[in-house]
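# Fold and contact review
The lines below spell out each chain.
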Amino acid sequence: MRAVLYGIPNCDTVKKARTWLDEHGVAYDFHDFKKAGVNDALIGTWLAQVPLATLLNRKGTTWRKLTPEQQAAAADESVARTLMIENPSLIKRPVLVADGKVSVGFTPDSYASRF
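Rules of the game
- Residues numbered from 1 in each chain as written.
- Predicted model: local features only at pLDDT ≥ 70, side-chain atom pairs only at ≥ 80, totals over all residues.
- Heavy atoms only, no water.
- Helix = DSSP H or I, 4+ residues; strand = E, 2+ residues; numbered from the N terminus.
- Rg over C-alpha atoms; globule rule 2.2 N^0.38 Å.
- Buried < 20%, exposed > 50% of the residue type's maximum accessible area, 1.4 Å probe, protein only.
- Areas by Shrake-Rupley, 256 points an atom, 1.4 Å probe, with all protein chains shown as cover.
- Phe/Tyr/Trp six-rings, centres within 6.5 Å; stacked < 30°, edge-to-face > 60°.
- Pairing = 2+ DSSP bridges.
- Axes fitted to C-alpha atoms, helices over the stretch in contact; angles between N-to-C directions.
- Expected span 1.5 Å × (residues − 1).
- Arc of directions from axis to C-beta.
- Contact = heavy atoms within 4.5 Å.
- Polar contact = N/O pair within 3.5 Å; in protein donor to acceptor, adjacent residues only side chain to side chain.

Moving on to the overall build of the protein. From N to C terminus, the protein includes seven helices and four strands. Helices and strands appear in the protein in the N-to-C order β-α-β-α-α-α-α-α-β-β-α. Its C-alpha atoms give the protein a radius of gyration of 14 Å, near enough to 13 Å, the size a compact globule of 115 residues would have. C-alpha extents for the protein along the principal axes are approximately 45 × 25 × 25 Å. Every one of the 115 residues in the protein was classed for burial, and the buried ones make up 40%. Of the roughly 6,400 Å² that the protein leaves accessible, carbon and sulfur atoms contribute 51%.

Structure representation (structure tokens):
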């Protein structure tokens, strides 16, 4: 099964991850979640392996544009899932699924240990 890299093409971290995968000959499919979207089932599979605090991007401009009430409500997983579906930029990037394992973010060392 091929790896799947989820993210946004113009994100610098996603670009670095794609470059690393390409340079190391790792076959993968890219899923642009701004264009193709994400659904509750997909986010649920990620959250089965990574905590909400890891998956939810609280540092970006999309997070800062949420109301304080929305930000507070995002502590509830079901609310956070809905927010991530409506605003995929609230998902930390990239999300990599390979061999049934999910990881969030990119460092050369973390990818080297996986592949």
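Now that the structure has been shown, the text picks up again.
Here we take up the packing of aromatic side chains. Under the definition given, this model contains five aromatic pairs. When the centroid spacing of 5.7 Å and the interplanar angle of 85 degrees are considered together, the rings of Trp20 and Tyr111 count as edge-to-face. Here Trp20 is found in helix H1 (residues 12–23), whereas its partner Tyr111 is found in helix H7 (residues 108–114), with 91 residues between them in sequence. Each member of the pair Trp20 and Tyr111 is classed as buried.

Reading across the sheet, the four strands line up as S2-S1-S3-S4 and stay open at both edges, with mixed pairing between neighbours. Of all strands in the sheet, those bounded by a partner on one side alone are strand S2 (28–32) and strand S4 (101–104). Between one strand and the next, the sheet's axes are offset by a mean angle of 20 degrees, whatever the strand orientation. As judged from the five bridges shared by strand S1 (residues 3–7) and S2, these two strands associate in the parallel manner. Counted as the bridge partner of Ala3 is Tyr28 from S2.

All right, on to the pairing of S4 then. Relative to S4, strand S3 (residues 95–98) runs antiparallel, the two sharing four bridges. Within S4, the residue paired with Ala98 across the bridge is Lys101. In sequence, S3 turns back onto S4 through a hairpin of two residues, with Asp99 there showing a positive phi of about 55 degrees.

Turning next to H1. Taking 1.5 Å as the rise per residue, H1 with twelve residues should run 16 Å; its terminal C-alpha atoms sit 16 Å apart, in good agreement. Where H1 is concerned, the buried positions are Val14, Ala17, Trp20 and Leu21. Projection of H1 onto a plane perpendicular to its axis shows the buried side chains occupying an angular sector of 125 degrees, all on one side. Exposed residues lying more than 90 degrees from the buried face of H1 are Asp12, Lys16 and Glu23. Close packing links the buried residues of H1 with S1, S2 and H7. Trailing H1 by a residue or two, Gly25 shows a phi angle of about 65 degrees, which is positive.

With that out of the way, let us pick up the side chain of Asp32. Among the structural elements, Asp32 can be located in strand S2. Of the polar contacts made by the side chain of Asp32, one reaches the backbone nitrogen of Lys34; its length is 2.9 Å. Aside from chain neighbours lying at most four places away, what touches Asp32 is Gly7, Ile8, Pro9 and Gly37.

Any functional reading would require information that these geometric values do not contain.
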